[in-house]
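The residues making up each chain are set out below.
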Amino acid sequence: MPAAKASRARRRSRGAGVTLAAGVDVRGQDGHFIPGAESWALFRKRDTLRMRAAILREVRNFFAGRDYLEVETPVLIPAPAPEFHIETLPCAGWFLQPSPELCMKRLLAAGYERIFQICRCFRQGERGDRHLPEFTMLEWYRREADYRDLMDECADLIIQVAAALGKGTSITYQGDTVRLRKPWEGITVAEAFARFAPLSLTAALAEDRFDEILTDHVEPQLGRKGPTFLYDYPLSMASLARVKKDDPTVAERFELYVAGVELANAFTELADGEEQRRRFEREEGERRRAGKTPYPRPEKFLAALPEMGLAAGIALGFDRLVMILADVPRVEAVVAFPPEEL
Amino acid sequence: MENGGHGQGLPPGLSSKGVDMYAASDLRKNLRIKLDDEPYVVTEFNFTKPGKGQALYRCKLKNMITGAQFERTFRSVDVFEPADLQEKKMQYLYEQEGKYCFMDNETYEQVLLTEDQVGDAKNYLIENIEAEVLLFEDRPLGVSLPNFVDVIVTKAEPWARGDSVSGNTKPVTVQTGYVLQVPPFIEEGEKIRIDTRTGEYLTRVKD
């Protein structure tokens, strides 16, 4: 056994075998810190948390290399985009952002051509193997680009980050070997249902079983050998995306999957202020009829939208990117403090 | 009542029914709910949600009467009645043709449990012993005994002093028909204490 590995193994076995008083700074023979019993679980996350920090650094490198401006927008906002299935957290009369999308697009409209942000987002009640109610989002936006450009760019990002971690051109996630070499595969939502689901997209929508069929039959098959883009969503599932020019029944939206894990969501952004207003009104109406918290209309966003022009944006779950690169099945492994540990 | 376990309370409109209900967001491992008039316990739970889509609550459920297991996915609009489970102190009376009869000491009401429902407890069911019977709307589901039960040894080989090494054990049969390992000095007719959680001998009991 190499010396470093041996000393690590010795530290582990010492720490696990000895019951130590909480908070007592005990040092092993080699001078390394060994935590008390209360801190042990947190201590064991240090390799993953170091990797998380390395990924964060490389993400910033990537965007710096492409002339993106890192921006910070407020976490506390007066008027989130009304989306039926996203519950925000009310806070001091306003809301904790479910995503920085609206402020990011106002920056685009003001002429900031390439921007990115790494920030905390909040969604009430979302806690599962891949969900935290408070999570870290990476969003980036580009003027004069559409969702195809972002497919290319997010592939470049993930390839660069994996390389910086010494992963080479493929990664292993929960037993799947996922090759990262471009080009990455793409499949439309309709094709994916035809190929993997027991019923067609049309039938799933008619029976109101889209989400269930997608999670049970389609998602687990996506991105198993190489990252896969699922694209061209039914219009009703993309209230901030542009309608596809040569097929008005779908919106220019894609989701990126790696080894069955949904990693990012992107649009060619809807830039028509009036159309956006109508969609918001419809969505907000449905929210209110269902007894959900009413949201004020984001007027400043709607007013600025026509000045944005052609643009595309993408939201990538940073915690999930770490999950995939660290090869861990549950999201609590990649943050120091999941809510249960507070 | 354990409603609103995640600090979210109930969706509007539910409290007006006068019945405490669970929302899908209350689902978690070990929660007991009523479905199609039968009690179920959640044995596995996960929350999933496709991007921009609705929340899905995936559960593995076990029927507390039949033991049958199945998976089901619930949505945020689903609500559940809690399973109305009660534990009642009852006295064990007798066993007949594989049915075990218990009596409520206050109401003198009697219930019959099957061998499956009684499970390992049958090894320690001596006449008139007090037990906790788990009931779902007056239907018995199972029984739990005190941690320690004293029983009489009805069959034991005599202790052959000299051919035994300290630490050896021998099998004996107790009054319920249960066979277990005990130290060699235990004789027929003696009373011993058994830990009902492990089924193991604890000590000799002197009356």
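Residues numbered from 1 in each chain as written. Chains lettered and ligands numbered in written order. Predicted model: local features only at pLDDT ≥ 70, side-chain atom pairs only at ≥ 80, totals over all residues.

Before going further, it helps to spend a moment on the confidence of the model for chain A. It should be kept in mind that the predicted coordinates are not to be read in detail where pLDDT is low. When pLDDT is averaged along chain A, the result is 92; 91% of the residues meet or exceed 70. Taken together, the stretch residues 6-24 of chain A has pLDDT below 50 and engages in 20 contacts with residues farther than four places along the chain or on a different chain. (pLDDT = per-residue confidence, 0-100. Contact = placed C-beta atoms within 7 Å.)

So, on to the sheet that holds strand S1 (residues 22-23) of chain B. Residues and elements named next belong to chain B. In spatial order, the strands read S1-S6-S2-S3-S4-S5; together these six strands make up an open sheet with antiparallel pairing. The strands lining the two open edges of the sheet, one partner per strand, are S1 and strand S5 (69-75). The sheet contact formed by strand S3 (residues 38-48) and strand S4 (residues 56-63) spans eight bridges and is antiparallel. Each residue of the ladder has a partner; that of Glu44, found in S4, is Lys60. (Pairing = 2+ DSSP bridges. Helix = DSSP H or I, 4+ residues; strand = E, 2+ residues; numbered from the N terminus.)

Within the largest apolar cluster, 84 residues are counted, with the highest numbers of intra-cluster contacts made by Cys154, Leu230, Val258, Leu263, Leu316 and Ile324 of chain A. With eight residues, helix H5 (residues 147-164) of chain A is the single largest residue contributor to this core. Not counting residues within four places of it along the chain, the set of residues in contact with Leu263 of chain A comprises Leu256, Tyr257, Val258, Leu316, Gly317, Arg320, Leu321 and Ile324 of chain A. Ala121, Val149, Val172 and Ile192 of chain B belong to the second largest nonpolar core, which has 21 residues in total. (Core = buried A, V, L, I, M, F, W, Y, C linked by C-beta atoms within 7 Å. Buried ≥ 20, exposed ≤ 12 C-beta atoms within 10 Å, placed from the backbone.)

How big an interface is tends to be expressed through the accessible area that disappears when the partners come together. Each partner contributes to the interface: chain A provides 18 residues, whereas chain B provides 16 residues. Elements that contribute at least two residues to the side of chain A that touches chain B include exactly helix H8 (210-218) and strand S15 (261-268) of chain A. Classifying every residue of the side of chain A that touches chain B gives two nonpolar, seven polar and nine charged. (Nonpolar A, V, L, I, M, F, W, Y, C, P; charged D, E, K, R; others polar.)

Before going further, it helps to spend a moment on the confidence of the model for chain B. All names here are of chain B. On average, residues of chain B score 85 in pLDDT, and 87% of them are at 70 or above. Counting interchain partners and residues more than four positions distant, the pLDDT-below-50 stretch residues 1-18 has 21 contacts. Scored by ipTM, the complex comes to 0.81, with pTM at 0.77.

Residues and elements named next belong to chain A. Tracing the chain through its elements places Met51 in helix H3 (residues 46-65). A sequence separation of 49 residues divides Met51 from Pro100, and the C-alpha atoms of the two residues are 25 Å apart. Sequence-distant contacts of Met51, defined by excluding residues within four places in its chain, comprise Leu165, Val322, Leu325 and Ala326.

In this section: the domain arrangement of chain B. Residues and elements named next belong to chain B. Here chain B is partitioned into domain 1 (15-82), domain 2 (85-144) and domain 3 (148-205). The interface is formed by six residues belonging to domain 2 together with eight residues belonging to domain 3. The residue inventory of the side of domain 2 that touches domain 3, partitioned by class, reads four nonpolar, one polar and one charged. (Domains from an automatic or database assignment.)

Domain annotation for chain A reports domain 1 (1-40) and domain 2 (45-341). Taking the mean C-alpha position of each, domain 1 of chain A and domain 2 of chain A sit 40 Å from one another.

With that settled, consider the environment of Glu332 of chain A. Residue and element names in this part refer to chain A. By the secondary structure assignment, Glu332 is in the segment after helix H11 (318-326). We classify Glu332 as partly exposed; it has 18 C-beta atoms within 10 Å. Note: C-alpha distance between Glu332 and Asp129 (203 residues apart in sequence) is 7.7 Å.

A separate point is the packing of H3 of chain A against H11 of chain A. All names here are of chain A. Between H3 and H11, the least distance of the axes is 10 Å, while the angle of their chain directions is 120°. Classified by the interaxial angle, the pair formed by H3 and H11 is oblique. Of the two possible hands of crossing, H3 and H11 adopt the one that is right-handed. Where H3 abuts H11, its residues Thr48, Met51, Arg52 and Ile55 lie against Leu321, Val322, Leu325 and Ala326. (Axes fitted to C-alpha atoms, helices over the stretch in contact; angles between N-to-C directions. Parallel < 35°, antiparallel > 145°, perpendicular 65-115°, else oblique. Left-handed = near helix turned anticlockwise from the far one by under 90°.)

This part takes up the sheet that holds strand S15 (residues 191-195) of chain B. Residue and element names in this part refer to chain B. With respect to topology, five strands assemble into an open sheet ordered S14-S13-S12-S15-S16, the strand pairing being antiparallel. Of all strands in the sheet, those with a lone pairing partner are strand S14 (179-182) and strand S16 (200-205), marking the two edges. Looking at each pair of strands side by side, their axes are set apart by 50° on average, direction ignored. The pairing of strand S12 (residues 148-156) with S15 spans five bridges and is classified as antiparallel. Residue pairing for S15: Phe148 is matched across the bridge by Asp195.

Residue and element names in this part refer to chain A. Two elements, strand S9 (residues 170-173) and strand S10 (residues 176-179), share four bridges in a ladder whose sense is antiparallel. Along S10, the bridge assignment pairs Tyr173 with Asp176. Here S9 hands over to S10 after two residues, with Gln174 in that stretch at a positive phi of 45°.

Residue and element names in this part refer to chain A. With 20 residues, H3 should reach 28 Å at 1.5 Å per residue; the first-to-last C-alpha distance of 29 Å fits that figure. Looking at H3, one finds that the buried residues are Arg52, Ile55, Val59, Phe62 and Phe63. Take H3 and look down its axis: the buried residues cluster within an arc of 85°, on one side only. For H3, the exposed residues lying more than 90 degrees away from the buried face are Arg46, Asp47, Arg50, Ala53, Arg57, Ala64 and Gly65. Residues of H3 that are buried make contact with strand S3 (69-70), strand S7 (114-122), strand S8 (134-143), H5 and H11. Directly beyond the C-terminal end of H3, a positive phi value near 65° is found at Asp67. (Expected span 1.5 Å × (residues − 1). Arc of directions from axis to C-beta.)

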